[in-house]
Amino acid sequence: MIVKTKTYCVLKSLFLTFVLALTACGEDHVPKPKAELRLDYPTANYVDANLNLPFAFEKNLLATKVESKALKSLTESYGINLEYPALKGTIFLTYKAINSDQNNFKAFLRDAQKFTLEHTKKADEIPAYPFENKQRKVYGMLSEVKGNVASPAQFYVTDSINHFLTGSLYFYAKPNYDSILPAANYLQKDIKHIMETITWK
């Protein structure tokens with residue numbers, strides 16, 4: 001009995017030593033530093049949109065799919081889509097002629113402001129930035145909609161007499177503010193450039 005017990009203890013010790021040797025081999029494991037997603041977008045290269053519309057503007061070459069079509073409306077109207085496949089987003093523009101009618105101007109302005117206010121239920125914050133270019137007679141507002149919303153940016157510009165243009169940014173994916181923020185920030189710069197380069201015809 002004593003011999004068996006010693007043999008058992010020796011075998012058990014050898015087995016434990018073997019297991020410890022196996023688990024101890026290899027590299028020391030250290031916690032990995034917190035990683036952040038790095039998204040590099042190309043430097044914006046702007047060119048004339050070159051569309052047959054009552055206004056002109058510059059667009060980013062990254063907007064590779066550009067469509068415009070006449071819309072049914074009481075005044076001359078057009079819908080323009082600037083699609084960014086690489087960013088899975090689109091800037092939608094809608095143009096409406098005011099025709100020197102203040103009732104039209106007030107209605108278009110009310111609709112543009114109402115569209116932005118519809119996002120207040122889901123938005124965390126909606127900072128608005130007035131825009132003015134007296135030389136080109138372009139006046140408007142850019143609204144940044146923060147939070148898990150369908151459209152993180154909207155704007156309108158007008159000369160308040162003949163032309164009214166609204167725009168909104170949408171992404172194909174389900175809205176998640178943290179994940180779309182880098183792309184939204186990039187495309188908001190394009191929206192600002194559109195506003196800054198608009199000339200009425």
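It should be noted that the structure appears before, not after, this text.
All values reported here derive from a predicted model rather than from experimental measurement. (Residues numbered from 1 in each chain as written. Predicted model: local features only at pLDDT ≥ 70, side-chain atom pairs only at ≥ 80, totals over all residues. Heavy atoms only, no water.)

Draft legend 1. Here's a closer look at the overall build of the chain. Within the chain, the secondary structure is distributed over three helices and 11 strands. For the chain, the α and β elements follow one another from N to C terminus as α-β-β-β-β-β-β-α-β-β-β-β-α-β. Buried residues in the chain amount to 36% of all 201 residues. For the chain, contacts bridging at least 24 residues in sequence account for 51% of all contacts bridging at least 6. Summing over all exposed atoms, the chain offers an accessible surface of approximately 13,500 Å²; the carbon and sulfur share of this is 56%. (Helix = DSSP H or I, 4+ residues; strand = E, 2+ residues; numbered from the N terminus. Buried < 20%, exposed > 50% of the residue type's maximum accessible area, 1.4 Å probe, protein only. Contact = heavy atoms within 4.5 Å. Areas by Shrake-Rupley, 256 points an atom, 1.4 Å probe, with all protein chains shown as cover.)

Draft legend 2. Here's a closer look at the pairing of strand β4 (residues 65–70). Summarising burial for β4: zero of the six residues are buried, a small minority. The pairing of β4 with strand β5 (residues 77–84) spans six bridges and is classified as antiparallel. Counterpart to Glu67 in the pairing with β5 is Asn81. Between the antiparallel neighbours β4 and β5 lie six residues. (Pairing = 2+ DSSP bridges.)

Draft legend 3. Broad picture of the environment of Gly167. Take Gly167: it is sitting in strand β10 (residues 163–171). Gly167 sits in the buried class, given a relative accessible area of 6%. Aside from chain neighbours lying at most four places away, what touches Gly167 is Phe92, Leu93, Ala153, Gln154 and Phe155.

Draft legend 4. Structural context of the nonpolar core. Membership of the largest hydrophobic core comes to 34 residues, with the highest contact counts inside it found for Leu82, Phe155, Val157 and Leu165. Listed by contribution, the elements that provide at least two residues to this core are β5, β6 (89–97), β8 (138–144), β9 (153–158), β10 and α3 (177–197). Among the elements that make up this core, the one with the highest residue count is α3 (eight residues). Beyond its immediate stretch of four places on either side in the chain, Leu165 contacts Phe55, Leu93, Thr94, Tyr95, Phe155, Tyr156, Val157, Ile198 and Trp200. Counting residues in each nonpolar core, the second largest holds six residues, with Ile98, Phe105, Ala112 and Tyr156 among its members. (Core = buried A, V, L, I, M, F, W, Y, C linked by side-chain atoms within 4.5 Å.)

Draft legend 5. Structural detail: the packing of aromatic side chains. Inspection of every chain in the model, using the stated rule, returns nine aromatic pairs. With a centroid separation of 6.3 Å and 40° between ring planes, the pair formed by Tyr78 and Tyr95 is classed as tilted. Of this pair, Tyr78 sits in strand β5 while Tyr95 is found in strand β6, placing the two residues 17 residues apart along the sequence. An aromatic cluster of three or more residues is present, and its members are Phe55, Phe57, Tyr78, Tyr95 and Trp200. (Phe/Tyr/Trp six-rings, centres within 6.5 Å; stacked < 30°, edge-to-face > 60°.)

Draft legend 6. Representation of helix α2 (residues 102–117). If you check α2, its first and last C-alpha atoms are 22 Å apart, about what 16 residues at 1.5 Å a residue would give, namely 22 Å. Of all the residues in α2, the buried ones are Asn104, Phe105, Phe108, Ala112 and Thr116. Angularly, the buried residues of α2 cover 105° about the axis, an arc narrow enough to put them on a single face. Seen from the open side of α2, the exposed residues pointing more than 90 degrees away from its buried face are Asn103, Lys106, Arg110, Lys114 and Leu117. Looking at the buried positions of α2, the neighbouring elements they touch are β6, β8, β9 and β10. One side-chain oxygen of the residue at the start of α2 lies 2.8 Å from the amide nitrogen of Asn103, identifying that residue as Asp101. (Expected span 1.5 Å × (residues − 1). Arc of directions from axis to C-beta. Polar contact = N/O pair within 3.5 Å; in protein donor to acceptor, adjacent residues only side chain to side chain.)

Draft legend 7. Seen up close, the sheet that holds β6. As summarised here, the arrangement of the seven strands in space is β4-β5-β6-β10-β9-β8-β7, forming an open sheet in which the pairing is antiparallel. Each edge of the sheet is formed by a strand with only one pairing partner; in this case those strands are β4 and β7 (128–133). Each neighbouring strand pair of the sheet contributes to a mean axis angle of 15°, computed without reference to strand direction. The sheet strands contacting α2 are β6, β8, β9 and β10, and the helix crosses β10 at an angle near 15°. (Axes fitted to C-alpha atoms, helices over the stretch in contact; angles between N-to-C directions.)

Draft legend 8. Local environment of the layout of surface pockets. Space inside the largest pocket adds up to approximately 380 Å³. As for the largest pocket, its lining consists of 22 residues, of which Asp111, Ala112, Gln113, Phe115 and Thr166 are closest to the centre. At the level of elements, β6, α2, β8, β9 and β10 are the ones that each hand at least two residues to the lining of the largest pocket. Ranked by residue count, the leading element in the lining of the largest pocket is α2, at seven residues. The residue makeup of the lining of the largest pocket, split by class, is 12 nonpolar, eight polar and two charged. Quantified by volume, the second largest pocket comes out at close to 160 Å³. Along its surface, the second largest pocket is lined by 10 residues, and Leu87, Phe171, Ser179, Ile180 and Ala183 are the ones closest to its centre. Top element by residues in the lining of the second largest pocket is α3. It accounts for three residues. Its residues assigned to classes, the lining of the second largest pocket shows eight nonpolar, one polar and one charged. (1 Å grid on protein atoms, 1.4 Å probe; cavity = no way out; pocket = protein on both sides within 12 Å on 5 of 7 lines; lining within 4 Å. Points joined across faces, edges and corners; volume = space filled by probe spheres on them. Nonpolar A, V, L, I, M, F, W, Y, C, P; charged D, E, K, R; others polar.)

By themselves, these observations are geometric and do not establish any function.
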